[in-house]
Amino acid sequence: MKVENRTFVVSGGSSGLGLSTVHDLLSKKAYVAIVDRSPPPQTISSSPNVKFYQTDITVLKEVASAVDKSVEWAASTGAPLGGVINCAGVGTASKIIDAHGKPHNLELWDFTLAVNLTGSFNLTRLVLEHLVKVSPEDTTDGERGVVVFVASAAAFEGQPGQTAYSATKGALCSMTLPMARDLARHAIRVVTIAPGVFDSSMTANFPAKTRRSLENEGIVYPRRFGQPYEFSKTVMWILDCPYVNGETIRLSGGGRLPGKL
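Bear in mind that the values here come from a model prediction, so they are computed numbers and not experimental data. (Residues numbered from 1 in each chain as written. Predicted model: local features only at pLDDT ≥ 70, side-chain atom pairs only at ≥ 80, totals over all residues. Heavy atoms only, no water.)

The number of helices and strands found in the protein is eight helices and seven strands. At 18 Å, the protein has a C-alpha radius of gyration in line with the 18 Å of a compact globule built from 261 residues. The dimensions of the protein, computed from C-alpha atoms along their principal axes, are 55 × 40 × 40 Å. Pairs at least 24 residues apart make up 69% of the contacts formed inside the protein by residues separated by at least 6 positions. (Helix = DSSP H or I, 4+ residues; strand = E, 2+ residues; numbered from the N terminus. Rg over C-alpha atoms; globule rule 2.2 N^0.38 Å. Contact = heavy atoms within 4.5 Å.)

Below is the structure:
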């Protein structure tokens, strides 16, 4: 689809993979509504093509408000909605039975689902209410827009302590195809990216030993962590290629992490 002069709602767009995606969208003359708890860098927020809506992705009222304001802004700029890119997420870790014989904390489970799964679902369904009304592109396919979810390699090879996290990411993968089928009549595509280990705020504090282990034991080539620009390039390819739909795309350097017991 054409990205220029379209408005994209990007959750988690103030940092990490989301921020890199915002940079790439702006370079293609798109408009971006950033939905995040923290503001983006001033170099981004000062752009006339950016609006920031401070939002807790777990609070329905705040998510709904951010979507309504994004739609109003898109109408005022004449840059119709083009899609939603769900980069907001949280990494949590807890074994189902911990070292003291206690079960997984239920509040941590609920929080992980609220951010990673329900947050993405809520933002997407609310954006879609408006996206289905956008005029289709004047092309053979008549595309209206794209939904992008962000899963994880943990959806396939979750490690000890990742039961809750893997459950959320696996669910995103599982709902990609049925949602794409739901939206086919509206000419809206749905695609999920499942990144492996990437340089981000989540991995920045990994001990050197852990980092070396991940690079040497699980990744085929190149043996390093993924970089945010590689993620955002994948997003841009998804937006650009109309035949990519209903798929989960693994972005992992061929990594298939073995279980660490």
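Next comes the rest of the account.
Attention now goes to the UniProt feature "domain: Ketoreductase" (unreviewed entry) in the protein. Residues given the UniProt feature "domain: Ketoreductase" (unreviewed entry) here are residues 6-196. When the span residues 6-196 is considered, its composition is 45% helix and 19% strand, and the gap between its end C-alpha atoms is 29 Å. (UniProt positions renumbered as here; feature names shortened; annotations may be inferred.)

Within the structure shown, the criterion is met by four salt bridges. As a salt-bridge pair, Arg 189 and Glu 143 come within 2.6 Å of each other at their nearest N and O atoms. Note that Arg 189 is positioned in strand β6 (residues 188-195) and Glu 143 in the loop between α4 (106-131) and β5 (145-150), a separation of 46 residues in sequence. The residues Arg 189 and Glu 143 share a single accessibility class, namely buried. In this structure, the salt-bridge partner of Arg 250 is Glu 157, at a minimum N-O distance of 2.9 Å. Placement of Arg 250 in strand β7 (residues 247-251) and of Glu 157 in helix α5 (residues 154-157) is noted, with a sequence separation of 93 residues between them. Arg 250 gets classed as partly exposed once you look at its relative accessible area, which sits at 23%. (Salt bridge = Lys/Arg side-chain N within 4 Å of Asp/Glu carboxyl O. Buried < 20%, exposed > 50% of the residue type's maximum accessible area, 1.4 Å probe, protein only.)

Turning our attention to the sheet that holds β5. Taken in spatial order, the seven strands of this open sheet run β3-β2-β1-β4-β5-β6-β7, and their pairing is parallel. The open sheet has two edge strands with one neighbour each: β3 (50-54) and β7. Along the sheet, successive strands turn relative to each other by an average axial angle of 20 degrees, direction set aside. Judged from the four bridges that link them, strand β4 (residues 81-86) and β5 form a sheet pairing that is parallel. Along β5, the bridge assignment pairs Ile 85 with Val 148. Along the sheet, helix α3 (residues 60-77) makes contact with β1 (7-11), β2 (31-36), β3 and β4, crossing β3 at roughly 160 degrees. (Pairing = 2+ DSSP bridges. Axes fitted to C-alpha atoms, helices over the stretch in contact; angles between N-to-C directions.)

Turning next to unusual backbone geometry. Along the chain, Tyr 221 connects to Pro 222 via a cis peptide bond; the corresponding omega equals -5 degrees. With respect to the helices and strands, Pro 222 occurs in the loop between α7 (208-217) and α8 (228-240). For Lys 29, which is not glycine, the phi torsion reads 65 degrees and is therefore positive. Note that Lys 29 resides in the loop between α1 (16-27) and β2. Backbone geometry places Ala 187, a non-glycine residue, at a positive phi of 60 degrees. Along the chain, the position of Ala 187 falls in the loop between α6 (163-183) and β6.

Further remarks concern the side chain of Thr 234. Examined against the element boundaries, Thr 234 turns out to sit in helix α8. Non-local contacts of Thr 234, meaning those with residues more than four positions away in its chain, are made with Ile 193 and Leu 251.

In this section: α3. Look at α3: 26 Å from first C-alpha to last across 18 residues, which is about the 26 Å you get at 1.5 Å a residue. As for α3, its buried residues are in contact with β1, β2, β3, β4 and α4. Where α3 terminates, the next one or two residues include Gly 78, which has phi positive at roughly 75 degrees. (Expected span 1.5 Å × (residues − 1).)

As a further point, take the packing of α1 against α8. The geometry of α1 relative to α8 is characterised by a closest axis approach of 8 Å and an angle of 55 degrees between their N-to-C directions. Taken together, the axis directions place α1 and α8 in an arrangement best described as oblique. Pair α1 / α8 crosses with right-handed handedness. Across from Gly 16, Leu 17, Ser 20, Thr 21, Asp 24 and Leu 25 in α1, the residues of α8 making contact are Pro 228, Tyr 229, Phe 231, Ser 232, Lys 233, Val 235, Met 236 and Leu 239. Residue composition of the contact of α1 with α8, grouped by class: eight nonpolar, four polar and two charged. (Parallel < 35°, antiparallel > 145°, perpendicular 65-115°, else oblique. Left-handed = near helix turned anticlockwise from the far one by under 90°. Nonpolar A, V, L, I, M, F, W, Y, C, P; charged D, E, K, R; others polar.)

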